[in-house]
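Single-letter residue listing:
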Amino acid sequence: MVATLVRLRFLLLANGLRKSPWQIVAVILGGLYGLFLLGIVIVGLIALRAAPIDFARTLVVLAGAATILGWTFLPVLTSGIDQTVDTARLAPFPVPINTLVLALAVSGVLGVPGIVTSIAALGTVVTWSRDPLAAFAALVSAAIGVFTAVVGSRMLAALASRIGAGRRAREARTLIVFIPLLLLGPIIFLVSNLLREASDILPTIAQVVGWTPFGAVWAVPADVASGDFAKAGFELLIALATLVLFVALWRWGLGRALERPARAATAQVSKRGSGLFGIFPGTPTGAVAARALTYWVRDPRYAQSLITIPIVPALLFFWGGFGENLAILVWVGPVVAVLLAMSIYTDVSYDNTAFALHVQTGVSGIADRLGRVIALAVFAVPLSLALVVASVAVSNTWQLLPGLLGITIGILLSGFAVSSLISGRLTFPVPAPGESPFKARPGGGFSLMLTTFASWAVLGVLILPELVLALVGFATDNPLLGWLSIPVGLIVGTALLVLGVRLGGRILDRRAPELLAQLQKQK
Amino acid sequence: MATTSTPALEIRHLTKRFGTNAAVDDLDLVVPSGSFFGLVGPNGAGKTTTLSMATGLLRPDAGTVSIHGVDVWTNLVKAKSLVGNLSDGVRLFDRLTGTQLVTYAGLLYGMDRDVVTARAADLLTMLDLEGAGSTLVVDYSAGMTKKIALACALVHAPQLLVLDEPFESVDPVSAANIRDILEGFVKSGGTVIVSSHVMDLVQRMCDHVAVIDKGRVIAAGTTDEVRAGSTLEDRFVELVGGRNKGEGPEWLRLS
């Protein structure tokens, strides 16, 4: 039975890959990347063999603890990295729970991350091979450590699926992960800086971590090597107790999952009345705007583009050398304007087949286009302009204000125009409603990136008049040119917007059934 | 009220190909005004494709469709205002509450907001959804989702209702209520087309029926004509074929 379940895991992986050749490429690239990292780790562990015991202990314990911590907590945040064998689907089959625990643990170890971790863990045997007893201890520790990591991930996932099975919890979780991802560059920079300064206290930290459930297992061989058997014995006890506790918790969570398979929990969110539909005008355009704005608030796929907004100043601040160069901050407004104005070019793709309602009611293309733009403009325009003013105030560059306003207004209006045109004609492989905003459709990333860059380039050309005026004004310190860029941006942008909405609307009127068929195909 | 002489829906030589496979193959269908019309056929027969083309959602390769004399594909907006449509297998704007979704549909039809608000409340009560009006549609059960989609189809008081699988996963009480609503609608002069796999239901509910197989109509007329003295289910199986005789494999028989 264990073998059958492990085979099932590989069969599912293989069948999944057979569906999409691009996924194979991704898996191979991922594998190569993993091998590369693994190579570095192995070389490091071998090199540590010659290092002083204390130094090797510090590194192995900290890295090992980080590994188990990562295994345990990452899957919960990312909604499960490896759900190849889903326990909920196994519920109907009469598999004894202990068999299931063993089978899932083994298939977890035999996955790509499991194999990589196992090899790295075995690398510690080389590190401690300076002493046969320590090498043996390292072998035992590696086995315990790897299983603790794998079981840890399963345990917390099983427990968390009970707690956070609701739609809202799931959606919140995916968004929380996104923020550290975006800030990865600055975070690595900060952490490495911090570590450089704090390198003296690392051994102390490692000592403490060595007594925790995550680090104990890796400290055992080090203390055997230095002859401190009593300490090693205690640490081994902690490690074993951790593994036993993890298994017990996991088994309990699994048992409950099998008895009461998680179903889509109904979070009864009460929203009285008609909400935004009562505020916007009672016309088709107003209705589309109310609907779109409601989605900006309620759909995590839209929230994803909103989250990037606070990140833009943070990134610019980082690039500007942590406040050394505040002038770079003035580009926050225009950058946010680009991101927001172009964010609705996948709008119809986000609707998915719900767009059928628009087709079936025969709403006019212009109302459709205009409504979506209004919903976005309601917050994008004030937000971008406020950011321009705020950034100028912070960096005390008031002379740039008029030019920046001109550029930002131009970007917003022209961007709305480009988005209106594109989303009325093309569909993109975006995540379906209810899917994780970060779920990439096979081949979707590439085509999406290509159109993003193409449409940004088009936008760049369209805003040239006001952009050139403002930039020349900045370069020559001529405030008049900056003031001039505002009306130019307004007039050119408005003209483009009228054109974009009209043209996009006409395309939609003519091709709505074809657009719907396209959406249905990629559903 | 439409005159009884022009049919509610008239389909001529309708054809749609997906690749080399003709999903709908030169199909002719006439739905008399004021009829309760059942559309039945095996899986993949082309029912959904036909109904999508009839309601302006999918452009046919060839053929014409007219609703109460209005040619659908040359006068889309006018035709669509005459039809209420419940499509099978399309999503809804499910991040709206039930009330908001119905309101949205009404406003898109160009109706006045006060009228829409009043009708949305009526429809939710009628369809046993009044308690769920302020819940997001994404949190609805399958049956509730069907009912809210039906409410969206009814909100603009169409003359023709085209319902694709309206009773799927709807509980018996709600199904009976929906049937009452539809019967009342037909009595007042409206026309209803339903597609369904439940033959008993179609036989009891519909006065006309058409059997579609492989993209063509293989039998059509009043329900009594089509079933020809037999039950609709037996007649359907006879027309479509494909029943396996026998009692299943030996090992599945317990004694």
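About the cut-offs
- Counting of residues starts from 1 at the beginning of each chain's written sequence and follows it residue by residue.
- Going through the entries in the order they are written, you letter the chains from A and number the ligands from 1.
- Given that this is a predicted model, residues contribute local features only at a pLDDT of at least 70 and side-chain atom pairs are listed and counted only at 80 or more, while totals for whole chains, interfaces and linings are drawn from all residues.
- Each side-chain value is derived from all of the structure's non-hydrogen atoms; neither hydrogens nor water enter the calculation.
- Only runs of H or I of at least four residues qualify as helices and only runs of E of at least two qualify as strands under DSSP, and these elements are numbered from the N terminus.
- Each residue gets one of three labels from its accessible area relative to the maximum for its type: buried under 20%, exposed over 50%, partly exposed in between, using a 1.4 Å probe on protein chains only.
- In this description, contact between two residues means that some pair of their heavy atoms is separated by no more than 4.5 Å.
- Grid points spaced at 1 Å over the protein atoms alone were grouped into cavities, where a 1.4 Å probe fits but cannot get out, and pockets, open sets with protein on both sides within 12 Å along at least five of seven lines, with lining residues defined by an atom within 4 Å of a point.
- Grid points are joined across faces, edges and corners, and a volume is the space filled by probe spheres set on the points.
- The classification used treats Ala, Val, Leu, Ile, Met, Phe, Trp, Tyr, Cys and Pro as nonpolar, Asp, Glu, Lys and Arg as charged, and all other residues, Gly among them, as polar.
- A pair of Phe, Tyr and Trp rings is counted when the ring centres sit within 6.5 Å of each other, with Trp represented by its six-membered ring. The angle between the planes then sorts it: under 30 degrees is stacked, over 60 is edge-to-face, the rest tilted.
- Criterion for a charge above a ring: Lys NZ or Arg CZ within 6 Å of the ring centre, and within 35 degrees of the ring normal.
- Strand pairing follows a simple DSSP-based rule, namely that at least 2 bridges must link the two strands.
- Buried area: the accessible area, evaluated with a 1.4 Å probe, that two parts lose upon being put together, summed over both parts.
- When a carboxyl oxygen of Asp or Glu lies within 4 Å of a side-chain nitrogen of Lys or Arg, that pair is called a salt bridge.
- Polar contacts here mean pairs of N or O atoms no more than 3.5 Å apart (in protein, one a potential hydrogen donor and the other a potential acceptor; neighbouring residues in sequence count only if both atoms are side-chain atoms).
- The patches reported here contain residues having more than 30% relative accessible area and no salt bridge. Joining distances are 9 Å for like charges and 5 Å for nonpolar side chains (Val, Leu, Ile, Met, Phe, Trp, Tyr).
- Surface accessibility follows the Shrake-Rupley procedure with a 1.4 Å probe radius. Residue values consider only the protein chains on display as shielding.
- Only C-alpha atoms enter the line fits that serve as axes; for helices the fit covers just the stretch in contact. Angles between N-to-C directions range over 0 to 180 degrees.
- Summary of the metric used: pLDDT quantifies the predictor's per-residue confidence within the range 0 to 100.
- Buried Ala, Val, Leu, Ile, Met, Phe, Trp, Tyr and Cys residues form a nonpolar core when they are joined through side-chain atoms within 4.5 Å.

## Here we look at the overall build of chain B
And then number 1: A count of helices and strands for chain B gives nine helices and ten strands.
And then number 2: By the burial criterion, 53% of the 255 residues in chain B qualify as buried.
And then number 3: Relative to all contacts within chain B whose residues are 6 or more apart in sequence, the contacts with residues 24 or more apart total 65%.

## Remarks on empty space enclosed by the protein
Residues and elements named next belong to chain B.
And then number 1: Here the structure, examined in full by the defined rule, presents two cavities of 30 Å³ or more.
And then number 2: Within this model, the largest cavity holds a volume of roughly 60 Å³.
And then number 3: Lining the largest cavity, in full, are Thr-48, Leu-51, Ser-52, Thr-55, Leu-57, Asn-85, Leu-86, Ser-87, Asp-88, Val-162 and Asp-164.
And then number 4: Looking at the lining of the largest cavity, the elements that each hand over two or more residues are α1 (47–54), β6 (83–86) and β7 (160–164).
And then number 5: The element that contributes the greatest number of residues to the lining of the largest cavity is α1, accounting for three residues.
And then number 6: Along the lines of polarity and charge, the residues of the lining of the largest cavity split into four nonpolar, five polar and two charged.

## Considering the packing of aromatic side chains
And then number 1: Tallied over the full model, the rule gives nine aromatic pairs over all chains.
And then number 2: A cation sits over an aromatic face here: A:Arg291 above A:Tyr295, 4.8 Å from the ring centre.

## Remarks on the sheet that holds strand β5 (residues 70–71) of chain B
All names here are of chain B.
And then number 1: If you walk across this open sheet you meet the four strands as β2-β1-β4-β5, and the pairing is antiparallel. Only two strands of the sheet have a single partner each, and these edge strands are β2 (21–31) and β5.
And then number 2: Across two bridges, the pairing between strand β4 (residues 62–67) and β5 is antiparallel. Opposite Ile-67, over in β5, you have Val-70 as the bridge partner.

## Examining the environment of A:Phe234
Residues and elements named next belong to chain A.
And then number 1: Relative to the elements of secondary structure, Phe-234 occurs in helix α12 (residues 229–259).
And then number 2: Taking the relative accessible area as the measure of exposure, Phe-234 reaches 54% and is therefore exposed.
And then number 3: Spatially, the C-alpha atom of Phe-234 lies 8.7 Å from that of Ala-216, the residues being 18 residues apart in sequence.

## Some points on the interface of chain A and chain B
And then number 1: Across the boundary between the two partners, chain A contributes 54 residues, which contact 33 residues of chain B.
And then number 2: Between chain A and chain B, roughly 3,700 Å² of surface is buried when both sides are summed, and carbon and sulfur atoms account for 56% of that area.
And then number 3: When the area that chain A buries against chain B is broken down by residue, the three leading residues are A:Phe277, A:Arg298 and A:Gln360, summing to 17%.
And then number 4: At the surface where chain A touches chain B, the tally comes to one salt bridge.
And then number 5: Put simply, A:Glu514 and B:Arg59 hold a salt bridge, and the shortest N to O gap is 2.5 Å.
And then number 6: There are 13 residue pairs in polar contact (both at pLDDT 80 or more) connecting chain A and chain B.

## Focus: a nonpolar patch on the surface
All names here are of chain A.
And then number 1: Taken together, the side chains of Val-25, Ile-28, Leu-29, Leu-32 and Leu-35 make up a nonpolar region of the molecular surface, amounting to roughly 480 Å² of accessible area.
And then number 2: Here Leu-35 shows up in helix α2 (residues 21–47).
And then number 3: Its relative accessible area of 55% is what places Leu-35 among the exposed residues.

## Remarks on the pairing of strand β1 (residues 9–18) of chain B
Residue and element names in this part refer to chain B.
And then number 1: Sheet analysis places β1 next to β2, joined by seven bridges and oriented antiparallel. From the neighbouring strand, Phe-18 faces β2, where its bridge partner is Asn-21.
And then number 2: Counting the residues between successive antiparallel strands, the hairpin from β1 to β2 contains two residues, one of them, Gly-19, with a positive phi of roughly 70°.
And then number 3: In this structure, β1 lies alongside β4, joined through five bridges in antiparallel fashion. Pairing of Ile-11 across the sheet is with Val-65, part of β4.

## Let's talk about the sheet that holds strand β10 (residues 216–222) of chain B
Residue and element names in this part refer to chain B.
And then number 1: Taken together, the six strands give an open sheet; going across it, the order is β6-β7-β8-β3-β9-β10, and neighbouring strands pair in mixed fashion. Of all strands in the sheet, those with a lone pairing partner are β6 and β10, marking the two edges. Recorded for the sheet is a direction-independent mean angle of 15° between the axes of neighbouring strands.
And then number 2: Where strand β3 (residues 36–40) meets strand β8 (residues 191–195), four bridges bridge the pair, whose relative direction is parallel. Residue pairing in the sheet places Phe-37 in a bridge with Ile-193 of β8.

## Section: the pattern of salt bridges
Where charged atoms from two side chains of opposite charge come close, those side chains can pair.
Residues and elements named next belong to chain A.
And then number 1: Going through the model one piece at a time under the given rule, you end up with 19 salt bridges over all chains.
And then number 2: Across the salt bridge formed by Asp-347 and Arg-372, the nearest N and O atoms sit 3.0 Å from each other. Taken as a pair, Asp-347 in helix α16 (residues 347–351) and Arg-372 in helix α18 (residues 365–395) lie far apart in primary sequence, 25 residues in all.
And then number 3: Under the relative-accessibility criterion, Asp-347 is labelled buried at 2%.

## Here's the deal with the environment of A:Arg251
All names here are of chain A.
And then number 1: Tracing the sequence through the fold places Arg-251 in helix α12.
And then number 2: Separated by 149 residues in the primary sequence, Arg-251 and Leu-102 place their C-alpha atoms 10.0 Å from one another.
And then number 3: Once residues within four sequence positions are removed from consideration, Arg-251 is found in contact with Ile-97, Asn-98 and Val-101.

## Quick notes on unusual backbone geometry
And then number 1: For A:Asp477, which is not glycine, the phi torsion reads 55° and is therefore positive.
And then number 2: Structurally, A:Asp477 can be placed in the loop between α21 (464–476) and α22 (479–521).
And then number 3: One non-glycine residue with positive phi stands out, namely B:Asp26, at about 50°.
And then number 4: Here B:Asp26 shows up in strand β2.

## Description of the confidence of the model for chain A
All names here are of chain A.
And then number 1: Taken residue by residue, chain A gives an average pLDDT of 81. The fraction at 70 or more is 80%.
And then number 2: The spread of mean pLDDT over the elements of chain A runs between helix α8 (residues 167–182), the lowest at 60, and helix α19 (residues 401–423), the highest at 94.
And then number 3: Taken together, the stretch residues 78–82 has pLDDT below 50 and engages in seven contacts with residues farther than four places along the chain or on a different chain.
And then number 4: Note on residues 264–270: pLDDT is under 50 here. Beyond four places in sequence and across chains, it has eleven contacts.

## Considerations on the nonpolar core
And then number 1: In this structure, B:Tyr104 and B:Val192 are the most contacted members of the largest nonpolar core, which totals 113 residues.
And then number 2: For this core, the element with the most residues is α19(A), which contributes twelve residues.
And then number 3: In this structure B:Val192 touches B:Ser35, B:Phe36, B:Phe37, B:Leu161, B:Leu163, B:Leu182, B:Phe185 and B:Val186, once residues within four positions along its chain are discounted.
And then number 4: Membership of the second largest hydrophobic core comes to 50 residues, among which are A:Val101, A:Ala105, A:Val150 and A:Phe214.

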